[in-house]
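# Coordinate analysis (summary)
These are the residues of each chain, in order.
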Amino acid sequence: MGSTGRRRAPAGSEKVRLTRRGRFLTWGAGLCSALVLGVASVGAWLYQDLNGNIQGADLDNKLGGNRPVNLSPGSKNILVVGSDSRDGDNAKYGKGLTTMQSDTLMMLHIPANREWATVVSFPRDSWVEIPACDKGDGTKSAPHHSKINEAFAIGGTSGEVAEAAACTIRTVEANTGLRIDHFTSVDFQGFKGMVNALGGIEVCPEQAIHDEKAHLDLEAGCQTVRDEEALGYVRARYSIGDGSDTGRIGRQQEFMQALAEKAQSKLTSPNALYGFLESATKSLTTDDDLAGIKPLYGLASELKGVPSDRLAFLTVPNYPREADVPSDKANVVWQYPHAADLFTALAKDQEVGKEQLQADAKNPVYASSVRVQVLNGTGIPGRAAAVAEKLRQAGFTVAGTGNAPETTRTTTVSHPQGLDSQAEVLAARVPDVRSGQNTGAAADAVTLVVGTGLDPEDIR
């Protein structure tokens, strides 16, 4: 790949410089804003041409039943995937991998009043339960735990984006309790085309980046990246910063901010703008209801009035899974109760501040540090053992199992004095649970009484 060389842009020249801080835009919001503004500029005669580029994925009858209910009518949750399928021109980015992969996963929450917006990024190394999914080849996967981005690969076994999207949506809904209303995917090759049409994007890495996996070789200092270098910059992980997926999320977000701003600055350049729009629309796959310039324009219109200080970019609180499973040094688990609090707030259409979320999650309580006594209050033989196994899979330490004194429908969590935080962590993983202090509980463990209303499969 050819380097464009290091440079310092002269004063007054056109550039978009990435900074550590600044306003945050999402892939979806930034892309849609630039796209619809561009369409308005190039003229109605191109509308049908660009509109026809956007692919629609028919998700009807693919998501199944038992989905979360939207608790705040008028609000919207839009799932955004950065897709890097490994076929065709993308094959060099991975060997021995399933056909379809997702490199970025985030959700844009638009509240009913349209006065703020929140973007939640899900680290692709998040260790979650992936529900049974249709693989698109006539077979069905079994429920299991894995990285969250595996859902896209499982559903996309046959190469169909609709199936990949359906499995991803089911996974996010099952692990967050949030209803996903729309879906959009942006492909690798289209991303490169967008950057190239704009003449590249300026980045200013403080240290040299040499990342073989991302096919990236950059020196320190400001330089314009395009084509493979641009793609490598947003994909690079292990050679930059702390090597975490969370760090890469921040770089991707800032890059898309810069891309959207530069696209808007090109509104008076028909050739550059059309090339950008052509690549952007060709790279997009959405659910059928969002597939078209008109619905995307409507989405951008809903977002354009959101003040920059009311557009928050958050990452699900997490910690290395190694803290619960010493042998797993590759994945992260979501941090409870803070992850559950975040999802509950968005479900109720409540704004969440980034600084407050980070402060609350500063000192995590690891699941492995929570000792749990599981008691069967259902009268169904083996129910305590089944719940105990689910808790072990989630990283908890099961101190023992037994039978409750009586049958109960309500599932309860009780704890002795001093184990308040541990009880909160457990309660956040169990739906419809009642919790409180109990001086009669075991001195070193939290007690979970399983009620008849609890399905063990609903434990997160």
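The present account deals with the structure reproduced in this document. Residue positions within a chain follow its written sequence, with the count starting from 1. Side-chain atom pairs in this predicted model are given and counted only at pLDDT of 80 or more, local residue features only at pLDDT of at least 70, and totals for whole chains, interfaces and linings cover all residues. Hydrogens and waters are ignored; side-chain quantities use all the structure's heavy atoms.

## A closer look at the overall build of the protein
- For the purposes of this entry, the term helix denotes a DSSP run of H or I that reaches at least four residues, the term strand denotes a run of E that reaches at least two, and both are numbered from the N terminus. Helices and strands together make up the secondary structure of the protein, namely 13 helices and 20 strands.
- Exposure classes here rest on a 1.4 Å probe applied to the protein chains alone. A residue is buried below 20% of its type maximum, exposed above 50%, and partly exposed in between. Out of the 460 residues belonging to the protein, those deemed buried represent 54%.
- Long-range contacts, defined here as pairs at least 24 residues apart, represent 71% of the contacts in the protein between residues at least 6 apart.
- Of the roughly 20,000 Å² that the protein leaves accessible, carbon and sulfur atoms contribute 47%. Contact definition: two residues touch when any of their heavy atoms are within 4.5 Å. Using a 1.4 Å probe, accessible areas were evaluated by the Shrake-Rupley method; residue-level cover was limited to the displayed protein chains.

## Thoughts on the environment of alanine 280
- As for its placement among the helices and strands, alanine 280 is situated in helix α8 (residues 270-283).
- A relative accessible area of 0% places alanine 280 in the buried class.
- Between the C-alpha atoms of alanine 280 and methionine 194, which are 86 residues apart in sequence, the distance is 6.0 Å.

## Section: the packing of aromatic side chains
- Pairing of aromatic rings covers Phe, Tyr and Trp, the last through its six-membered ring, and needs centres within 6.5 Å; plane angles under 30 degrees mean stacked, over 60 mean edge-to-face, and all others mean tilted. Across all of its chains, the model carries 4 aromatic pairs by this definition.
- Here tyrosine 233 and phenylalanine 255 contribute two aromatic rings whose centre-to-centre distance is 6.0 Å and whose plane-to-plane angle is 40 degrees, an arrangement assigned as tilted. Taken together, the residues span a long stretch of sequence, with tyrosine 233 in helix α6 (residues 227-235) and phenylalanine 255 in helix α7 (residues 245-265) at a distance of 22 residues. Both residues of the pair, tyrosine 233 and phenylalanine 255, belong to the buried class.
- Three or more aromatic residues link up through ring pairs in this structure, and these residues are Phe122, Trp334 and Phe343.

## Things to note about the sheet that holds strand β2 (residues 76-83)
- Pairs of strands are assigned from DSSP output, requiring at least two bridges between the strands. Taking strand neighbours across the sheet as the criterion, the 7 strands line up as β1-β12-β7-β2-β3-β4-β13 in an open arrangement whose pairing is mixed. The outermost strands of the open sheet, each flanked by one partner alone, are β1 (55-57) and β13 (311-315). Neighbouring strand axes in the sheet, compared pairwise and without regard to direction, differ in orientation by 20 degrees on average.
- In the sheet, strand β4 (residues 117-121) pairs with β13 via 5 bridges, with the strands oriented parallel. Bridged to valine 120 within β13 is leucine 314. Note on geometry: axes are C-alpha line fits, over the in-contact stretch for helices, and angles between N-to-C directions span 0 to 180 degrees.

## With respect to helix α13 (residues 420-427)
- Within α13, burial applies to Gln422, Ala423, Val425, Leu426 and Ala427.
- Buried-residue contacts for α13 involve β16 (371-376), α12 (383-393), β18 (411-415), β19 (433-437) and β20 (446-450).

## Some details on the packing of helix α5 (residues 188-197) against α8
- As a packed pair, α5 and α8 sit with axes 8 Å apart at the nearest point and diverge in direction by 170 degrees. Classed by the angle they form, the pair α5 and α8 counts as roughly antiparallel. When α5 is examined against α8, the residues Gly190, Phe191, Gly193, Met194 and Ala197 are found in contact with a partner set consisting of Ala272, Gly275, Phe276, Ser279, Ala280 and Ser283.
- For the contact of α5 with α8, the residue count by class is 6 nonpolar, 5 polar and no charged. The scheme is simple: roughly parallel for angles under 35 degrees, roughly antiparallel for over 145, roughly perpendicular for 65 to 115, oblique for anything else. Gly is placed with the polar residues, together with every amino acid not listed as nonpolar (Ala, Val, Leu, Ile, Met, Phe, Trp, Tyr, Cys and Pro) or charged (Asp, Glu, Lys and Arg).

## Concerning the side chain of threonine 118
- With respect to the element layout, threonine 118 can be found in strand β4.
- Classification of threonine 118 by relative accessible area gives buried; the value is 0%.
- When near neighbours in sequence (up to four residues on either side) are disregarded, threonine 118 contacts Met107, Leu108, His109, Ala312, Leu314 and Leu346.

## Looking at a negative patch on the surface
- Like charges are joined within 9 Å and nonpolar side chains (Val, Leu, Ile, Met, Phe, Trp, Tyr) within 5 Å, but only among residues with over 30% relative accessible area and no salt bridge; these make up the patches. Put simply, a salt bridge is a Lys or Arg side-chain nitrogen that is within 4 Å of an Asp or Glu carboxyl oxygen. Under the convention used here, Asp and Glu are negative, Lys and Arg are positive, and both His and the chain ends fall outside the count. Every charge is mapped to an atom, namely NZ of Lys, CZ of Arg, CG of Asp or CD of Glu. Residues Asp58, Asp60, Asp288 and Asp289 make up a contiguous surface patch of negative charge.
- Counting through the fold element by element, aspartate 58 comes out in the loop between β1 and β2.
- Judged by relative accessible area, which is 38%, aspartate 58 ranks as partly exposed.

## Section: the nonpolar core
- Here, the term nonpolar core denotes a set of buried Ala, Val, Leu, Ile, Met, Phe, Trp, Tyr and Cys residues that are joined through side-chain atoms within 4.5 Å. Counting residues in hydrophobic clusters, the biggest one holds 69 residues, and the most contacted among them are Leu79, Phe122, Trp334, Leu391, Phe396 and Leu426.
- Those residues in contact with leucine 79 that lie beyond four places of it in its chain are Leu105, Met106, Met107, Phe122, Thr168, Ile169, Val172, Ile180, His182, Phe183 and Thr184.
- With 34 residues, the next largest nonpolar core counts Ile201, Ala214, Leu218 and Leu259 among its residues.

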